[in-house]
Amino acid sequence: MGIGASLFLIALGAILTFALDVSISGLDLDVVGWILMVVGALGMVLTLTIWSSRRRSVVTSAPTERRVIEETRDTVPPGTV
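Values in this document were obtained by computation on a predicted structure and should not be read as measured data.

A. Expanded view of the overall build of the chain. Helix and strand counts for the chain stand at 2 helices and 0 strands. Of all 81 residues assigned to the chain, the portion counted as buried reaches 16%. Total accessible area computed for the chain in this model is approximately 7300 Å², and 63% of it derives from carbon and sulfur atoms.

Shown next as structure tokens:
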């Protein structure tokens, strides 16, 4: 489940629990809303823990070899004597 789906379930559960005042025979919408909010919260926690373990990066510092190249001229430039 992704973050978007988790947020959707939490919002839908909150709407069913707190905003609606409808009664359906044999179905309590408050309980359904609370269940959706709990499932959305669990999905959010699981998604964040799975994503955080994937985003860990390992930085290794291997010694680098530096080469210094010096350029020297053995010849005299033309025009200078």
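B. Structural view of the packing of aromatic side chains. Under the defined criterion, the tally for this structure stands at 1 aromatic pair. Centre to centre, the rings of Phe-18 and Trp-34 are 5.7 Å apart; their planes meet at 80 degrees, and the pair counts as edge-to-face. Separated by 16 residues along the polypeptide, Phe-18 in helix α1 (residues 3-19) and Trp-34 in helix α2 (residues 29-54) bring together distant segments of the chain. Taking relative accessible area as the criterion, Phe-18 reaches 58% and is therefore assigned exposed.

C. Broad picture of the side chain of Thr-47. Mapped onto the fold, Thr-47 is located in helix α2. Looking at Thr-47, the relative accessible area reads 6%, which means it is buried. Sequence-distant contacts of Thr-47, defined by excluding residues within four places in its chain, comprise Met-1, Gly-2 and Ile-3.

D. Spotlight on a nonpolar patch on the surface. Judged by side-chain polarity, Ile-15, Leu-20, Val-22, Ile-24 and Leu-27 come together as a nonpolar surface patch covering roughly 410 Å² of accessible area. Mapped onto the fold, Ile-24 is located in the loop between α1 and α2. Its relative accessible area of 42% is what places Ile-24 among the partly exposed residues.

E. Spatial organisation of the UniProt feature "transmembrane region" (unreviewed entry) in the chain. The UniProt record marks residues 31-51 with the feature "transmembrane region" (unreviewed entry), using the residue numbering of this structure. Overall, residues 31-51 shows 100% helix and 0% strand. The separation of its end C-alpha atoms is 30 Å.

Analysis parameters
- Residues numbered from 1 in each chain as written.
- Predicted model: local features only at pLDDT ≥ 70, side-chain atom pairs only at ≥ 80, totals over all residues.
- Heavy atoms only, no water.
- Helix = DSSP H or I, 4+ residues; strand = E, 2+ residues; numbered from the N terminus.
- Buried < 20%, exposed > 50% of the residue type's maximum accessible area, 1.4 Å probe, protein only.
- Areas by Shrake-Rupley, 256 points an atom, 1.4 Å probe, with all protein chains shown as cover.
- Phe/Tyr/Trp six-rings, centres within 6.5 Å; stacked < 30°, edge-to-face > 60°.
- Contact = heavy atoms within 4.5 Å.
- Patch = residues over 30% accessible without salt bridge, like charges linked within 9 Å, V, L, I, M, F, W, Y side chains within 5 Å.
- Salt bridge = Lys/Arg side-chain N within 4 Å of Asp/Glu carboxyl O.
- UniProt positions renumbered as here; feature names shortened; annotations may be inferred.

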